[in-house]
Amino acid sequence: MKKKNLNYSREHIAYLKKIKKKKVIVIAARVLILALILGIWELCAQLEVIDPFITSSPSRVAITIGDLYKNGTLFYHIGITLMETLIGFAIAVIVGYAVAIALWASETVRKVLEPYIVVINSLPKIALGPLIIIWIGTGYSAIIFMTVIVAIIVCIMNMLSGFIAVDKTKLLLMKSMGAGRATTLRKLVIPASVPALINTLKVALGLAWIGSVMGEYIVSKAGLGYLIVYGGQVLQLDLVMTSTFILCVLAGGMYGIITLIEKKISK
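Residues numbered from 1 in each chain as written. Predicted model: local features only at pLDDT ≥ 70, side-chain atom pairs only at ≥ 80, totals over all residues. Heavy atoms only, no water.

A. The overall build of the protein, seen in detail. Along its length, the protein carries 13 helices and zero strands. In sequence order, the protein lays out its α and β elements as α-α-α-α-α-α-α-α-α-α-α-α-α. Expressed along its principal axes, the backbone C-alpha trace of the protein runs to roughly 70 × 65 × 30 Å. Residue burial in the protein is summarised as follows: out of 267 residues, 34% are buried. At a minimum sequence separation of 6, the contacts of the protein that also span at least 24 residues come to 71%. Total accessible area on the protein stands at roughly 16500 Å², and carbon and sulfur atoms take up 71% of it. Positive and negative charge centroids in the protein, built from 27 and 12 side chains respectively, lie 19 Å apart. (Helix = DSSP H or I, 4+ residues; strand = E, 2+ residues; numbered from the N terminus. Buried < 20%, exposed > 50% of the residue type's maximum accessible area, 1.4 Å probe, protein only. Contact = heavy atoms within 4.5 Å. Areas by Shrake-Rupley, 256 points an atom, 1.4 Å probe, with all protein chains shown as cover. Lys, Arg positive; Asp, Glu negative; His and termini not counted. Charge placed at Lys NZ, Arg CZ, Asp CG, Glu CD.)

B. Up close: a nonpolar patch on the surface. Among the surface-exposed residues, Val 109, Val 112, Leu 113, Tyr 116, Ile 120 and Leu 123 lie close enough to one another that they form a single nonpolar patch of about 530 Å² accessible area. Looking at where Ile 120 falls in the secondary structure, it is placed in helix α6 (residues 107–122). Owing to a relative accessible area of 43%, Ile 120 belongs among the partly exposed residues under this scheme. (Patch = residues over 30% accessible without salt bridge, like charges linked within 9 Å, V, L, I, M, F, W, Y side chains within 5 Å. Salt bridge = Lys/Arg side-chain N within 4 Å of Asp/Glu carboxyl O.)

C. Fine view of the side chain of Ser 212. Here Ser 212 shows up in helix α11 (residues 194–218). Given a relative accessible area of 0%, Ser 212 falls into the buried group. At 3.0 Å, the side chain of Ser 212 and the backbone oxygen of Trp 209 are in polar contact. Excluding anything up to four places from it in sequence, Ser 212 contacts Thr 81, Glu 84, Thr 85, Ile 143 and Thr 147. (Polar contact = N/O pair within 3.5 Å; in protein donor to acceptor, adjacent residues only side chain to side chain.)

D. Region of interest: the side chain of Thr 85. Position of Thr 85 relative to the elements: it lies in helix α5 (residues 74–105). Since its relative accessible area comes to 0%, Thr 85 is described here as buried. Polar contacts involving the side chain of Thr 85 include one to the side chain of Ser 212, which spans 2.8 Å.

E. Structural view of the nonpolar core. Within the largest apolar cluster, 53 residues are counted, with the highest numbers of intra-cluster contacts made by Phe 89, Phe 163 and Leu 224. Contributions of two or more residues to this core are made by α5, α8 (140–164), α10 (181–192), α11, α12 (224–233) and α13 (237–266). Ranked by the residues each element gives to this core, the list is headed by α8, at 15 residues. If we ignore the near neighbours within four places in the chain, the residues touching Leu 224 are His 77, Ile 78, Thr 81, Glu 216, Ser 243, Ile 246, Leu 247 and Leu 250. (Core = buried A, V, L, I, M, F, W, Y, C linked by side-chain atoms within 4.5 Å.)

F. Expanded view of the packing of helix α4 (residues 58–70) against α13. Where α4 meets α13, the axes come as close as 9 Å, and the angle between the chain directions of the two elements is 85°. One way to sum up the angle between α4 and α13 is to call them roughly perpendicular. Here α4 contributes Arg 60, Val 61, Thr 64, Ile 65 and Leu 68 to the contact with α13, which in turn contributes Asp 238, Leu 239, Met 241, Thr 242, Phe 245 and Ile 246. Here the contact of α4 with α13 is composed, by residue class, of seven nonpolar, two polar and two charged. (Axes fitted to C-alpha atoms, helices over the stretch in contact; angles between N-to-C directions. Parallel < 35°, antiparallel > 145°, perpendicular 65-115°, else oblique. Nonpolar A, V, L, I, M, F, W, Y, C, P; charged D, E, K, R; others polar.)

G. Geometry of unusual backbone geometry. Even without being glycine, Ser 56 reaches a positive phi, approximately 60°. Summarising the element assignment, Ser 56 is placed in the loop between α3 (52–55) and α4. The backbone of Leu 235 shows a phi angle near 60°, a positive value even though the residue is not glycine. On the basis of relative accessibility, which here comes to 53%, the residue Leu 235 falls in the exposed class.

This is the structure we're talking about:
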């Protein structure tokens, strides 16, 4: 490490140390905030400032996680919801990206279809639940379909905005050099819209979790959404809070993966 530092000026080394210090501060602040929230939650429950039967507590959540692990259902329910979310997320992003490219390629088609896309996005997806059951059935495919329709429109609109926002001067330069539509897309538009893609992944991730859990609310016999519904029906609110907590952990983990991908791409 000392040999590598010889290639940098003292100012640059100080700058790098400052960046690392900021990263450590950010991570420490995140951990501290989480610990503070859990600590206040547990303390209020123990002192009965809040009713632990209604709000549960971190200790009761931990006990419930242990019970689910002991009876062998913890990773089963996690796996079901994770599978539905990942498949729906992948389909929404891939199809949404492809549709956004098609709309970018044809301004006429974009102007014709854009109002319909906005209207479809405004529809309350939960209201389509009974129709989805009739069309697709009551299996995993119905939940995955719900995940896709919740996330796909946002993927289309975000990516289309990213494509359209590409520097017009650069587009004119490509055109003056004789580049066709496909070459411009491949050489300029797609690379320039990578930040938009990363933002789309982050937004679509949250919507995918909403869609999968929403689908499990409507039709499911397994999954974290099912546990939330079941816990609410039998008044096992510890199970409801535990399932919600696990969802937060999974969503945070997937967000972390996307952040790592963003860092690698930015380098």
